[in-house]
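Survey of secondary and tertiary structure
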Amino acid sequence: MLTTSALQEVPIFKDLPHDRLCWLLEQGVEVWREPGEFHRRQGQPAEHVFVLLEGQIQIIQQVGSQNNVIATYSAKTLFGNCPS
C-alpha cells in the first residue's frame, strides 16, 4: 500500500505538506509491473504521469527490426505525459 512517506522519498515531493501528499494518494492508482512486463507499447498514447518508487523503467523505440533504449528511469523518479 502506497503511503505519504513513500511519496516523500521522491525528491520532487519531499517538501510537500502532508495534506498535499494525501491528495496525491487519493488521485493516484498504484500499479505494479513484473520485470520484463510492458508498461505500454510503442504507439499507445501516454496519458498519465507516473511516480516510479522501485525498480527501473526503460523506454524503448523500435526502428525497423532494432530496439533502441531512448530513456531509462530509476526509482524515486517522476515520468510520463499528461494530455493538455
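Okay, so let's go over this structure. This structure is a prediction, so every number in the text was calculated from the model and none was measured.

1. Overview of the packing of aromatic side chains
Here the structure, examined in full by the defined rule, presents two aromatic pairs. Ring centres of Tyr73 and Phe79 lie 4.9 Å apart, and the angle between their planes is 20°; on these two criteria the pair is classed as stacked. Classification of Phe79 by relative accessible area gives buried; the value is 9%.

2. Here we look at unusual backbone geometry
At Lys76, a position not held by glycine, the phi torsion is positive, near 70°. With respect to the helices and strands, the residue Lys76 is situated in the loop between strand S3 (66-74) and strand S4 (77-80).

3. Overview of the pairing of S3
Bridge count between strand S2 (residues 56-63) and S3: eight bridges; the pairing is antiparallel. Bridge assignment links Ile57 to a residue of S3, and that residue is Tyr73. Connecting S2 to the antiparallel partner S3 that follows it, the hairpin turn spans two residues, and Gly64 within it adopts a positive phi of roughly 65°.

Basis of the calculations
- Residues numbered from 1 in each chain as written.
- Predicted model: local features only at pLDDT ≥ 70, side-chain atom pairs only at ≥ 80, totals over all residues.
- Heavy atoms only, no water.
- Phe/Tyr/Trp six-rings, centres within 6.5 Å; stacked < 30°, edge-to-face > 60°.
- Buried < 20%, exposed > 50% of the residue type's maximum accessible area, 1.4 Å probe, protein only.
- Helix = DSSP H or I, 4+ residues; strand = E, 2+ residues; numbered from the N terminus.
- Pairing = 2+ DSSP bridges.

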